[in-house]
Structure formats: structure tokens, C-alpha cells
Amino acid sequence: MSATGVGTADEKLRDLLLTHIHDVADYPKPGVMFKDITPLLADATAFAALTDELAALCKRHGATKVVGLEARGFILGAPAAVRAGLGFVPVRKAGKLPGATLAQAYELEYGTAEIEMHADAVGPGDRVLVIDDVLATGGTAEASLRLIRRAGAEVAGVVVLMELGFLPGRERLADALGDAPLEALITV
């Protein structure tokens, strides 16, 4: 793997994905360069190529289920899970799922937040791959790994479309990942 998280054989995929991710200056606030993936989702060829790659990573890491993080992780993780022949588990903001849930709080820059998943969604014998669009500070991903392990399942890894390498997400996830891999298809 290269420093971008993508081997040289995958440069064609990386270039395809990057041509469909647009920069939006000063969104959601001044000084932020937002990486908009909606053009990638709107292009059937690019979205299919991304889905194929994510499904291949599910198989490579021996996943039995896929967790998608609200909200763009749902868009990326669900089709990858279907393509790989696996079940999909949404991890949502607190209060959005009916029935019995497990919750995990995590620290934000200013305050805390909480995510949940159904209490019976994963368990012993499951190898769970977490899929999301962006790894930034790592708080949500770290909380999801803690949820998965609390439910008795094994973490197969974390895969993101994009890692913002100038933020501390990878470092924050190091302890929570343990021996599980973290893969970014693109690092910016």
C-alpha cells in the first residue's frame, strides 16, 4: 500500500474517484474546504467502481457484516454489503433507532455526542467492517468500534473513501483498532 492507502494498481480507481469529488470552499463555515461526494454518487460508473472496491475489501478482510456510519456511511456501506453478500448494520445518532439499542458516547471538540446500533445487530462470531465516507477527527469511528466490541463482535477493520490526513483521525483510532486495519482509498 502506498501512503495514500491505495496501491499503484488502483491509481486508475483513485483518479476516477477524485475526478468526481468536488471541493466546496467555505462550507459549512468560512475557512473549510468541504469534499463533496455527491457528484461521485450521481455518476453510475464511478459509484459502481467504488462499490466494487468496497465489496472486495469486505471479502479481503473476512467481514461477515458491514456497519455504515450515519449518514454517508449508509450510502457507501449498504451497496457494498449487498454486493459482498453481507448484512448491513446502520449506526445512527442517538434516538433514531427503534427497539433495544447499545449506545456509545464520544468526545467532540466542544462537548459530546452519542451513537447507537440495535443491541442484537452484531454479536459473537461476527467480523464487522466499518465503512464511512471520510475519516477526519475519528470520534464517530472510534465510538463505533467500541460499540461493535461491546456487542461481542470482532472488528474486521475500518474503510473510508477519504482520509483527511491533516487531521488526527488515524492517531485517535490507533488504540481502538488494535490489530484491525484502517484503509483509506484516498488521502488528502
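Looking at an unreviewed UniProt entry, one finds the protein named Adenine phosphoribosyltransferase and attributed to Streptomyces telluris. Quoted verbatim from the Function (unreviewed entry) field of the UniProt record, the comment on the protein reads "Catalyzes a salvage reaction resulting in the formation of AMP, that is energically less costly than de novo synthesis." Per UniProt, the comment on the protein under Subunit (unreviewed entry) is "Homodimer."

A. Unusual backbone geometry, seen in detail. Here the residue pair Tyr27 and Pro28 is connected by a cis peptide bond, since its omega of 5° sits within 30 degrees of zero. On the secondary structure map, Pro28 appears in the loop between β1 (22–25) and β2 (33–36). With an omega of 0°, the peptide bond between Glu70 and Ala71 qualifies as cis. For Asp26, which is not glycine, the phi torsion reads 60° and is therefore positive. Looking at the element boundaries, Asp26 is found in the loop between β1 and β2.

B. Inspection of the UniProt feature "domain: Phosphoribosyltransferase" (unreviewed entry) in the protein at higher detail. Here the UniProt-annotated "domain: Phosphoribosyltransferase" (unreviewed entry) positions come out as residues 44–163. Annotated as 35% helix and 39% strand, the span residues 44–163 places its first and last C-alpha atoms 23 Å apart.

C. Quick peek at the sheet that holds strand β6 (residues 111–118). A sheet is described by the order of its strands in space; here 7 strands give the open sequence β5-β6-β4-β3-β7-β8-β9, paired in mixed fashion. For this open sheet the edge positions go to β5 (101–108) and β9 (182–187), each flanked by a neighbour on one side alone. Going across the sheet, the axis of each strand differs from the next one's by a mean of 20°, ignoring polarity. With 5 bridges joining them, strand β8 (residues 154–163) and β9 adopt parallel strand pairing. Following the sheet pairing, Met162 is matched in β9 by Ile186. Strands in contact with helix α5 (residues 139–150) are β3 (65–69), β4 (87–93), β5, β6, β7 (127–135) and β8; relative to β5, the strand with the most contacts, it is inclined by about 150°.

D. Main features of helix α1 (residues 11–19). Along α1, the residues that are buried comprise Leu13, Arg14 and Leu17. Down the axis of α1, the buried side of the element spans an arc of 100°, and every buried residue falls inside it. The exposed residues of α1 that point more than 90 degrees off its buried face are Lys12 and Thr19. If you follow the buried residues of α1, they end up packed against α2 (38–42), α3 (44–60), β8 and β9.

What counts and what doesn't
- Within each chain, residues carry numbers counting from 1 in the order of the written sequence.
- Selection of residues for local features in this predicted model requires a pLDDT of at least 70, selection of side-chain atom pairs for listing and counting requires 80 or more, and totals for whole chains, interfaces and linings are taken over all residues.
- Just so you know, side-chain values use all the structure's heavy atoms and leave hydrogens and water out.
- UniProt positions are given in the numbering used here, feature names are shortened, and annotations may be inferred rather than shown by experiment.
- Where helices and strands are cited, they refer to DSSP runs of H or I of at least four residues and of E of at least two residues respectively, numbered from the N terminus.
- At least two bridges found by DSSP between two strands are what make those strands a pair.
- Axis angles are defined between N-to-C directions and span 0 to 180 degrees, where every axis is a line fitted to C-alpha atoms and, for a helix, only to the segment in contact.
- Any two residues whose heavy atoms approach within 4.5 Å are treated as being in contact.
- Each residue gets one of three labels from its accessible area relative to the maximum for its type: buried under 20%, exposed over 50%, partly exposed in between, using a 1.4 Å probe on protein chains only.
- To obtain the arc, one takes the directions from the helix axis to the C-beta atoms.

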